[in-house]
Amino acid sequence: MATSTVKTSVLILSDTHGEEFDVPPQYADVAIHCGDLTEESKIAEFRTTLDLLRRLDAPLKLVVAGNHDFTLDTPTFMERLSEAPEHLDDDLVKREFGDFGEARKLIDDAKDAGIVFLDEGNYQFTLANGSRLRVYATPVTPGKGGWGFKYDPESGHDFVISEGTDIVISHGPPLGVLDYTDSRTRAGCPHLFGAVARTRPRLHCFGHIHEGWGAKLVTWRDRLNDAPSHFTDVDNNRSTVIDKLANMIPNKFDTEESAAEKKAKARSHVQRGCATTSHCSGDAEPLRPGEQTLFVNASSQGNHPQLPHQPFWMVNIELPTSID
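Numbering of residues starts from 1 in every chain and runs along the sequence as written. It should be noted that, the model being predicted, local features are given only for residues of pLDDT at least 70 and side-chain atom pairs only at 80 or more, the latter also being counted only at that level, while totals for whole chains, interfaces and linings use all residues. Only hydrogens and water are set aside when side-chain values are computed; all heavy atoms of the structure are taken into account.

Within an unreviewed UniProt entry, the label attached to the protein chain reads Calcineurin-like phosphoesterase domain-containing protein, and the organism entered is Pestalotiopsis fici.

Dropping the structure here:
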């Protein structure tokens, strides 16, 4: 028997870094923040981002941490304080960063606004539109040093995504999808790609690599390799890049006409409040669950003078109803 589904709108943002943003006027069934709520993990930055989340027109707002939010990673926060080159004034530290656990409490106390902080793991929610949402969340990214939620790239990390997961929310991208840096190197995580390729969620959203902003509808190959890779397991001939920064930011190779088209597209996103894509029954590209995954890099902080704030994403997908 076919599973009944319902059209569900998902507003996605990431890497707001404690900055002020205008919020889109559109209603969403669920909003997702993919981490880096702050730039320096200061309490004032958390308050700014929580105010932003409160203003979003969505009954449920799911949040993961990012590497910049290191005060939410208490062991890392303690390590950074212990490694300071000189003794820090305790009162100054508490005033700027809060006490241990204070930032997390600030977020947890915002549940009355529908804000739910997700540690790494699997979750299930029933949305107000009657859909059942199964989520896997993770804040961890590969790397070393004093940033939060890091794992050693040489040791790897086990992303335990449950079968039947609808949306994967991570801070960083998977290797090979919307993860190019300005230096044209890929900065995504191979272990995350493998876990997503094995479970094939409907949607995988993330940020972290600001210049990777965009969306791509990936079609998977029929047979999965033992060690999944974007080289071997993505059928690029049947996959579609929906949008990317290069479509909005003129470069030296653009003609006057093409540069004007890109600027017009950027203005259109700003006027609407977000970039949009829809993959429901009846759309031009309906998503085929189990065969396709929609990847969205929603990094909001811009690196380009022409586009200091990159658009949030509004995505329409179909989710199973809570009662099949």
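Alright, that's what it looks like, and here's the rest.
A. Local environment of the overall build of the protein chain. Summing up its helical and strand segments, the protein chain has 7 helices and 17 strands in all. Relative to the globule expectation of 20 Å for 324 residues, the C-alpha radius of gyration of the protein chain, 19 Å, shows essentially globular dimensions. Accessible area is worked out with a 1.4 Å probe on protein chains only. A residue is then buried under 20% of its type maximum, exposed over 50%, and partly exposed in between. Counting all 324 residues of the protein chain, 53% fall into the buried class. Considering only contacts within the protein chain whose residues lie at least 6 apart along the sequence, 71% involve residues at least 24 apart. We get accessible surface area from the Shrake-Rupley algorithm with a probe of 1.4 Å; when it comes to residues, only the shown protein chains can shield them. When the accessible surface of the protein chain is totalled, it reaches about 14900 Å², and 49% of it is carbon and sulfur. We count Lys and Arg on the positive side and Asp and Glu on the negative side, and we leave His and both chain ends out. We put the charge of a Lys on NZ, of an Arg on CZ, of an Asp on CG and of a Glu on CD. Across the protein chain, the centroid of the 33 positively charged side chains sits 5 Å from that of the 49 negatively charged ones. Going along the chain from the N terminus, every DSSP run of H or I of four or more residues is numbered as a helix, and every run of E of two or more is numbered as a strand. Our radius of gyration looks at C-alpha atoms and nothing else; its globule reference is 2.2 Å times the residue count to the power 0.38. The contact criterion used throughout is that any non-hydrogen atoms of two residues lie within 4.5 Å.

B. Layout of unusual backbone geometry. Unlike most non-glycine residues, aspartate 36 shows phi in positive territory, near 60 degrees. As for its placement among the helices and strands, aspartate 36 is situated in the loop between β2 (30-33) and α1 (43-55). For aspartate 36, a relative accessible area of 2% corresponds to the buried category. The backbone phi angle of serine 41 is positive, close to 60 degrees, even though this residue is not glycine. Relative to the helices and strands, serine 41 resides in the loop between β2 and α1.

C. Structural context of the state of the cysteines. Disulfide: a pair of cysteine sulfur atoms within 2.5 Å of each other. Taken as a whole and assessed by the stated rule, the structure comprises 0 disulfides. Considering cysteine sulfurs only, cysteine 34 is the nearest to cysteine 189, which forms no disulfide, with 15 Å between them. Here cysteine 274 stays free of any disulfide, with the sulfur of cysteine 205 as its closest cysteine sulfur at 14 Å.

D. View of the sheet that holds strand β13 (residues 274-278). Strands pair, by our definition, only if DSSP identifies at least two bridges between them. Strand order in this open sheet of 6 strands is β4-β3-β2-β1-β17-β13, and the pairing throughout is mixed. Pairing within the sheet leaves two strands with one partner each, and these edge strands are β4 (115-117) and β13. Strand-to-strand, the axes of this sheet are offset by a mean angle of 25 degrees, without reference to chain direction. Where strand β1 (residues 5-13) lies against β2, 4 bridges are found, and the strand directions are parallel. Each bridged residue has a counterpart across the sheet, and for leucine 13 the counterpart in β2 is histidine 33. Note on definitions: angles span 0 to 180 degrees between N-to-C directions of axes, and those axes are lines fitted to C-alpha atoms, for helices only across the stretch in contact.

E. Looking closely at the pairing of β1. Here 8 bridges tie β1 to strand β17 (residues 312-320), and the two strands are oriented antiparallel to one another. Opposite lysine 7, over in β17, you have glutamate 318 as the bridge partner.

F. Spotlight on the pattern of salt bridges. The term salt bridge refers to a side-chain nitrogen of Lys or Arg lying within 4 Å of a carboxyl oxygen of Asp or Glu. The full count for this structure, using the stated rule, is 14 salt bridges. A salt bridge links aspartate 51 to arginine 55; the shortest N-O distance between them is 3.3 Å. Of this pair, aspartate 51 and arginine 55 both sit in helix α1, 4 residues apart, which is roughly one turn of the helix. Judged by relative accessible area, aspartate 51 falls into the partly exposed class, the value being 36%. The partner of arginine 104 in a salt bridge is aspartate 119, with the nearest N and O atoms 3.1 Å apart. Taken together, the positions of arginine 104 in helix α4 (residues 102-108) and aspartate 119 in the loop between β4 and β5 (121-126) put the pair 15 residues apart, joining distant regions of the chain. Via salt bridges that share partners, Glu40, Lys42 and Glu96 belong to a single interconnected network.

G. Focus on the sheet that holds strand β14 (residues 292-297). An order of β5-β6-β9-β10-β14-β11-β12 is seen for the 7 strands of this open sheet, with the pairing classed as mixed. Looking at strand neighbours, the two that pair on one side only are β5 and β12 (240-244), the edges of this open sheet. Each strand of the sheet is rotated relative to its neighbour by a mean of 15 degrees, with strand direction disregarded. In this sheet, strand β6 (residues 132-138) lies alongside β5 in antiparallel orientation, the contact comprising 6 bridges. Paired with phenylalanine 125 across the strands is leucine 133, a residue of β6.

H. Representation of the packing of aromatic side chains. Two rings belonging to Phe, Tyr or Trp (six-membered ring only in the last case) form a pair when the distance between their centres is within 6.5 Å. Interplanar angles under 30 degrees mark stacking, angles over 60 mark edge-to-face geometry, and anything in between is tilted. Summed over all chains, the structure comprises 10 aromatic pairs. A centroid spacing of 6.2 Å and a plane angle of 50 degrees characterise the contact between phenylalanine 77 and phenylalanine 97, whose relative ring orientation is tilted. Residue phenylalanine 77 is located in helix α2 (residues 74-82), and its partner phenylalanine 97 is located in helix α3 (residues 90-97); the two are separated by 20 residues in the primary sequence. Look at phenylalanine 77 and you get buried, because its relative accessible area is 2%. On the numbers, 6.1 Å between centres and 65 degrees between planes, the contact of tryptophan 220 with phenylalanine 295 is edge-to-face.

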